[in-house]
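Breakdown of the fold
These are the residues of each chain, in order.
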Amino acid sequence: MDIDMSMVNWARAQFALTAMYHWIFVPLTLGLSFLCAFFESIYVRTGNKEWRNLTKFWMTLFGINFAIGVATGIILEFQFGTNWSNYSWIVGDIFGAPLAIEGIFAFFLEATFFAVMFFGWNRVSKKFHLFSTWMVAVGSNLSAVWILVANGWMQNPVGMVFNPETARFEMHNFAQVIFNPVAVSKFVHTSSSGFLFASLFVLTISCWYLIKGKHIQMAKRSIIVASVFGLLSSSYVAFTGDESAYQVAQRQPMKLAAIEGLYKGETKAPIVAAGILNPKKHPGDDQDPFLVKIEIPYALSLLANRSLNSFVPGIDDLVYGNEEQGIEGVAPKITKGKKAVNNLAVFKQAQKENNSQKAELSLAKFKENQEYMGYGYLETVEEAIPPVAISYYAFHIMVALGTFFPLLFAVFLFYAMKDALTKESLKRWLLPMGLISALLGLIAQESGWIVAEVGRQPWAIYGLLPVKISTTNLAAVNVQITFFMFLGIFTLLLAAEIKIMLKQISIGPKEEL
Amino acid sequence: MISNFDYATLQQLWWIICSIIGALFLFLTLVQGGQTLLWQVAKTDLEKSLVITSLGRKWKMPFTTLVLFGGALFAAFPKFYATSFGGAYWVWMLILFSFIIQAVSYEYRKKPGNLLGPKVYELFLFINGSVGVLLIGAAVGTFYTGSNFTLDLFNRVTWDYTLMGINLRGLEAAFSLFNLSLGIFLVFNARILGALYLLNSIDLSSIPDLESRLRKNVLTSFLIALPFLLYVLISILLMKGFSVDNTGIISLVSFKYLSNLLSMPHLLVLLVLGILLVVYGVISTSYKQSNKGIWFSGLGTFFVGLVVLCLPAFNNTAFYPSKLDLQSSLTIYNASSSMYTLTTMTYVAIGIPFVLAYVVYVWKLMDSKKLTKEEVINDESY
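These numbers come from a predicted model, not from an experiment.

Some details on the overall build of chain A
In terms of helices and strands, chain A carries 15 helices and eight strands. In summary, chain A has a C-alpha radius of gyration of 25 Å against a globular reference of 24 Å for 513 residues, a match within 12%. The buried share of chain A, taken over its 513 residues, is 54%. Relative to all contacts within chain A whose residues are 6 or more apart in sequence, the contacts with residues 24 or more apart total 78%.

Re the overall build of chain B
A tally of helices and strands in chain B yields 15 helices and six strands. What you see for chain B is a C-alpha radius of gyration of 21 Å, in line with the 21 Å of a compact globule of 382 residues. For chain B, the spread of C-alpha atoms along the principal axes amounts to about 65 × 50 × 40 Å. With 382 residues in all, chain B has 58% of them scored as buried. Considering only contacts in chain B between residues 6 or more positions apart, those separated by 24 or more positions represent 78%.

A closer look at the interface of chain B and chain A
Contact with chain B, which involves 62 residues of that partner, is made by 65 residues of chain A. The element best represented in the side of chain B that touches chain A is helix α6 (residues 89-109) of chain B, accounting for twelve residues. Partitioning the side of chain B that touches chain A into residue classes produces 38 nonpolar, 14 polar and ten charged.

Observations concerning helix α5 (residues 78-87) of chain B
Since one α-helical turn is 3.6 residues long, residues separated by three or four positions face the same way. The buried fraction of α5(B) amounts to ten of the ten residues, a majority that puts the element mostly inside the structure. Looking only at α5(B), the buried set comprises B:P78, B:K79, B:F80, B:Y81, B:A82, B:T83, B:S84, B:F85, B:G86 and B:G87. Packed against the buried residues of α5(B) are α2 (49-82) and α3 (85-119) of chain A together with α4 (60-76), α6, β1 (149-151) and β2 (157-159) of chain B.

Observations regarding the environment of A:L363
Residues and elements named next belong to chain A. Inspection of the secondary structure puts L363 in helix α12 (residues 356-369). Along the chain, L363 and A340 lie 23 residues apart, while their C-alpha atoms are 9.2 Å from each other. Contact partners of L363, with chain neighbours within four places excluded, come to P164 and F347.

Remarks on the nonpolar core
In terms of nonpolar packing, the biggest core is built from 302 residues, with A:L35, B:L96 and B:V307 touching the most fellow members. Per element, the largest residue contribution to this core is 23 residues, and it comes from α3(A). Taken together, domain 1 (5-252 + 387-504) and domain 2 (262-386) of chain A each give at least three residues to this core, which thus spans both. Setting aside its immediate chain neighbours within four residues, A:L35 contacts A:W58, A:A198, A:V202, A:V225, A:A226 and A:F229.

Looking at the domain arrangement of chain A
Residue and element names in this part refer to chain A. Once the domains are mapped, chain A shows domain 1 (5-252 + 387-504) and domain 2 (262-386). Taking only C-alpha atoms into account, the centre of domain 1 sits 31 Å from that of domain 2. Contact with domain 1, which involves 25 residues of that partner, is made by 18 residues of domain 2. Residue assignment for the side of domain 1 that touches domain 2 shows that the elements contributing at least two residues are α7 (216-251), α13 (388-417) and β8 (465-466). Among the elements that line the side of domain 1 that touches domain 2, the one with the most residues is α13, at five residues. Taken together, the residues that form the side of domain 1 that touches domain 2 break down as 17 nonpolar, five polar and three charged.

Section: unusual backbone geometry
Omega for the bond connecting A:Q457 with A:P458 falls within 30 degrees of zero, at 5°, which places this linkage in the cis form. Phi angles above zero are rare outside glycine, and A:K268 is one such case at about 55°. The exposure class assigned to A:K268 is partly exposed, which follows from the 16 C-beta atoms found within 10 Å. Within the chain, B:F255 stands out as a residue other than glycine whose phi angle is a positive 50°. In this fold, B:F255 is placed in the loop between β6 (250-253) and α10 (256-263).

A short note on α4(B)
Taking 1.5 Å per residue, 17 residues should reach 24 Å; α4(B) reaches 24 Å between its end C-alpha atoms and fits that length. Of all 17 residues that make up α4(B), 17 are buried, and the element is covered over most of its length.

Overview of the environment of A:N278
Residue and element names in this part refer to chain A. With respect to the helices and strands, N278 occurs in the loop between β4 (271-277) and β5 (290-296). N278 gets classed as partly exposed once you count the C-beta atoms within 10 Å, which come to 17. Taking the C-alpha atoms as reference points, N278 and V182, separated by 96 residues in sequence, lie 31 Å from one another. If near-sequence neighbours (up to four positions away) are discounted, N278 is found in contact with Q287, D288, P289, F290 and L291.

Rules used in this analysis
- Residues numbered from 1 in each chain as written.
- Chains lettered and ligands numbered in written order.
- Predicted model: local features only at pLDDT ≥ 70, side-chain atom pairs only at ≥ 80, totals over all residues.
- Helix = DSSP H or I, 4+ residues; strand = E, 2+ residues; numbered from the N terminus.
- Rg over C-alpha atoms; globule rule 2.2 N^0.38 Å.
- Buried ≥ 20, exposed ≤ 12 C-beta atoms within 10 Å, placed from the backbone.
- Contact = placed C-beta atoms within 7 Å.
- Nonpolar A, V, L, I, M, F, W, Y, C, P; charged D, E, K, R; others polar.
- Core = buried A, V, L, I, M, F, W, Y, C linked by C-beta atoms within 7 Å.
- Domains from an automatic or database assignment.
- Expected span 1.5 Å × (residues − 1).

Structure below.
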């Protein structure tokens, strides 16, 4: 088949654009929905109207954010069909199910109770209103479950078989798809990172109020709840991050090698805590991958295999093979893959011509190399390597920030418990740090997304289906136009969102009695 | 029991489930219809707020139903999802674009510092209600009129309809009088439903002008929709259809859809009942001053939608026909997921009635009191 790489790259760019925009708003929705539920629970328990005002204020910001999250989300689901129709056909039998379940069970929960949450204050009982707020939080996070089941399956395809008759993958074990260990670790890591980001968001706005000397009581109360939630969730993010990295090491060793900048595999491998990559480094050459680096001995072996003395393969081992370690290189996989692709084509043609003997023979040959089929579409062995620099820096930025956040929340909680947040000295260091923390959280969020998706390249379905054969047979100009349409409208809406949010923050909570 | 269903039963069941979701969406286009009425029926800021707030409490329902419609088709009929969304690229992209701009408009329209001003957000709502619904109608119309695609051995879609050297990728659907008529009918039907819904949900006792404008609009929208509906219905009865024989060969057969209706009399009954209910909703509102028309016209729209989606799919008919290569046409049997996936999804679908139950419960709870002027002034509003 002819592959239009221009179309593939524009489709890639469009998916990255829409997903990254969507990912600005979604983590905030995941966490802020729970924070609103916490605030309202305190109000219902204490009956204190100030907590109600505080809840309503955060709900207003939640609503503004939620709307644009919904707007940027609809295109993602349908983009699988519009730009990636070959993908939709080849894996739709498995991939479609979690998306449909997300619609049935998560979106309706959100949509139904969202109306009560915003307009039901005087229409339903206090307890039913609180229940609705909780349902919005549950619905939002349930949505994350299903989309991450789908994404987890792309990273670690399980529970399916390839059916040569239909030339697609078909599900044969739904439980394996749902309880895919990558999906489980992705969900817990991603949703808790959303809680963390929302806590930072609350921290940022509350710090601004404290610096300005406005709405002090509300800001202090918000900080206490956000610090507790943030400390718990950021600690959990670190814990699940470790599990997530372990899953990557076990299922996607090439991704791990890329995010660590590891070219030559090592036993007792150290982890690079910080470092600058050598931009002239190419796979297979003898140059040092790093200009400078700080390492933690044994840590990568421990993280990847839970064993200090284990071998962690590098990019060169995985690409060119390492006999000593029993690692097959990409070249023989490509050879076998091309055989599989050719035999499948012969099989399909023979079927069309009703030549059963030829069909049977080609099918048998296809099955010999079936598992390498995806490699048959790669032209060079280096094509199997994801972009190293982007993956490496994104991963290290995420980890560095992820390590910083628990400390930040702990310090805020410490001063909040001592009721010392209004101390003048804090205005010089802690409050400004809190002020920029949401921005740092956003950087960490987007970096995490880059690690997951750029590190998956060149595969749409890891090891089975390359991105470049997943696209729609469509002239690149169409995707270019829609790319700029989305870029324009999303940027415009983001600008509107930020302006509205800033205005609402400057107005502050309404003092209702 | 579900595990004993045969493959064909599951395929048919899933087409019915998708059709129910699609028909529910058509009922819920009351929100889109209401959006197109805004400038016509609401003359003051307060009236606008009432209309937008009333619709705004429901805007996520059609949106979510549309997303579910897409998701269900993806899960149950992935070949259709891939062929239609990838092939008729521009129709779907423009539909999606109209829903993107809708999603923020309610929340942002009245908020201070909204960058674009309320009029632009109102325009977004109008575009969603008019262009969005029109194109959905045109896309559904292609179930009857066919599309310009071929599928290769690996089911990769090639779309081929050029105008002045440009491949229109589905936009040509709007050039068919049938597709266009279906689209226009849906736009005006949505306006009927929108006006009926607003009459039902807003306390209009102190704003008689708004009430009379809404009642007037029910009738005028109906009178505009009627010729398009009649054209669509007569065309369906007379047109050739895409029939599948026992060996799977697809051919054009005269009066196919008429024959489908006669072979499936329950669809004929639903169609007649649906039209009568829509008409009754309009008449009871326009001449008997009823405020309950939405339930009759809404149910009627649901029935008509169900028939429109089921008629081209059952009785050995290709529901997504190709005009370029008849044998590339999609049927519910060659476009579906595997038996395992359909069985699994059927177990999942047991949850749908529970979802519907809480949606209805909360809808009733929230709409038990009509929306008043005072509420819009004093409480949360759009």
